[in-house]
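Close look at the chain arrangement
The chain contents come next:
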Amino acid sequence: MLHSGTSPLSADLIEAEEAHLTHNYHPLPVVVASGEGAWVTDVSGRRYLDCLAAYSAVNFGHGHPALVAAAREQLDRITLTSRAFHNDRLGPFAEALARLARKDMVLPMNTGAEAVESAVKVARAWGYRVKGVPADRATIIVMDGNFHGRTTTIISFSTDEQARADFGPFTPGFVVVPYGDAAALDLAIDENTVAVLLEPIQGEAGIVVPPAGYLEAVREITSRHNVLMIADEIQSGLGRTGSTFACDRAGVVPDLYLLGKALGGGIVPVSAVVGNADVLGVLRPGEHGSTFGGNPLAAAVGLAVVQLLESGEMQERASILGDRLLAGLRGLIGRGVTEVRGAGLWAGVDVDPSLATGREVCELLMERGVLAKDTHGSTIRFAPPIVVSPEDLDFAVEQLEAVLEELAAR
């Protein structure tokens, strides 16, 4: 449904989408035409503070000069060779990313879901070829409330019924345990377990931060049982939580990192599985691949992203500004907000469901110039670009406060 304030041009463009696009999304009624830094502008010229950053794909802001320059330069040279040949951008990108992650090898792909699917294949191959699990018996332990993508294999181990309904039959080989429960994880592991796949912070679930000591316990348990620890850092990684990886906050190094979203700088889809040779080395030529994975354009942008992170300035900025954002949001607890969770510039805000749904809150925020995204009923996610200013963060909190006051007065 369009809002009364929607411009005629926006309405026409939205109607064109509705008429010709599959209805697998329900976007807010705003039509973005341009963006710079933490702000976007719609087709009518109105500006909005972007507090979603394309689910962390735009960690470094819209149109970051270094990333745009890398893409433009590469566009004039070559964009795609396929992996049938070498290209002059892939090696430097893989070397830099491996160094950033303190690992040996990189498996380049395109989307986050592809990185997850690739890790599933790698874990199974490792289980059969290294650990000695009997053929076709490998299992991977996953977490309740997980979100790793939308492919048929990934939704096979989702616990969100909306993600699964009418899409079966499902892929076997996965065991679900409660997130944050290390004892349950320990009990679930058996001789056929090859990996534990988890988000260090669950994003789609509402920015769920695990209990203190949980990630350390997962690392100890997996090491003790000779099981791979796979950290899906597709949303949480690359500066979002105030560190390079969310696992860094716990001093934990998994066997495999899954990266995506911000790795492409909001310009091109880039993802990767990053690990050591004793794990990623199980893949042989011809067993896995992607025509666009590791393409020169993606590698050029990905290298520029890694270079942005090498100094640590982005991570420090996310940490400092994240403290400011979380403090402001927590000041609204008891005033329409029931709970705030988060790390760095990533926050989940639970709004009192008696006031409004999350969607309704996001629509009211949009009318006040702030773009955010709801999830699971009355939870709002805030993930502004790391280049956001302190004053912008204050503006976002002030607008949420005003929305809550408006709802309470109804």
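Above this text you will find the structure in question.
Thresholds, definitions, all that
- Residues numbered from 1 in each chain as written.
- Predicted model: local features only at pLDDT ≥ 70, side-chain atom pairs only at ≥ 80, totals over all residues.
- Heavy atoms only, no water.
- Phe/Tyr/Trp six-rings, centres within 6.5 Å; stacked < 30°, edge-to-face > 60°.
- Helix = DSSP H or I, 4+ residues; strand = E, 2+ residues; numbered from the N terminus.
- Buried < 20%, exposed > 50% of the residue type's maximum accessible area, 1.4 Å probe, protein only.
- Lys NZ or Arg CZ within 6 Å of the ring centre and 35° of its normal.
- Axes fitted to C-alpha atoms, helices over the stretch in contact; angles between N-to-C directions.
- Parallel < 35°, antiparallel > 145°, perpendicular 65-115°, else oblique.
- Left-handed = near helix turned anticlockwise from the far one by under 90°.
- Contact = heavy atoms within 4.5 Å.
- Nonpolar A, V, L, I, M, F, W, Y, C, P; charged D, E, K, R; others polar.
- Expected span 1.5 Å × (residues − 1).
- Polar contact = N/O pair within 3.5 Å; in protein donor to acceptor, adjacent residues only side chain to side chain.

1. Topic: the packing of aromatic side chains
Note on aromatic pairs: each is described by the distance of the centres and the angle between the planes. Taken as a whole and assessed by the stated rule, the structure comprises four aromatic pairs. Note on W39 and F395: the rings are 6.0 Å apart at their centroids and 35° apart in plane angle, and the pair reads as tilted. A residue pair is termed long-range when its members are at least 10 positions apart, and W39 in strand β2 (residues 39–42) and F395 in helix α14 (residues 390–408) qualify at 356 residues. Between Y179 and Y214, the ring centres sit 5.6 Å apart and the planes meet at 70°, which makes this aromatic pair edge-to-face. Of the two residues, Y179 is situated in the loop between β6 (174–177) and α8 (182–188) and Y214 in helix α9 (residues 214–224); the sequence distance between them amounts to 35 residues. You'll find Y179 and Y214 in the same group, each marked buried. It is R164 that lies over the ring of F170; its NZ or CZ is 4.0 Å from the centre.

2. Some points on the packing of helix α4 (residues 90–101) against helix α11 (residues 296–310)
Closest axis-to-axis distance for the α4/α11 pair is 9 Å, and the angle between their directions is 30°. One way to sum up the angle between α4 and α11 is to call them roughly parallel. Here the hand of the crossing between α4 and α11 comes out left-handed. Facing L90, P92, F93, A96, L97, R99 and L100 of α4, the residues of α11 in contact are A299, G302, L303, V306, L309 and E310. In terms of residue class, the contact of α4 with α11 is made up of ten nonpolar, one polar and two charged.

3. Some points on helix α5 (residues 112–131)
Spacing of three or four residues puts side chains on the same side of an α-helix, whose turn is 3.6 residues. Compared with an ideal rise of 1.5 Å per residue, which puts 20 residues at 28 Å, α5 spans 27 Å between its outermost C-alpha atoms and is within 8% of the ideal. Residues G112, A113, A115, V116, S118, A119, V120, V122, A123, A125, W126 and G127 constitute the buried set of α5. One or two positions beyond α5, positive phi appears at G132, with a value near 90°.

4. Concerning the environment of S156
Positionally, S156 belongs in the loop between α6 (152–155) and α7 (161–164). Residue class for S156 comes out buried when judged on its relative accessible area of 11%. Between the C-alpha atom of S156 and that of G168, which follows or precedes it by twelve residues, the distance is 7.8 Å. Excluding its chain neighbours within four sequence positions, the residues that come into contact with S156 are R164, F170 and T171. Polar side-chain contacts of S156 include one of 2.7 Å to the backbone nitrogen of T171.

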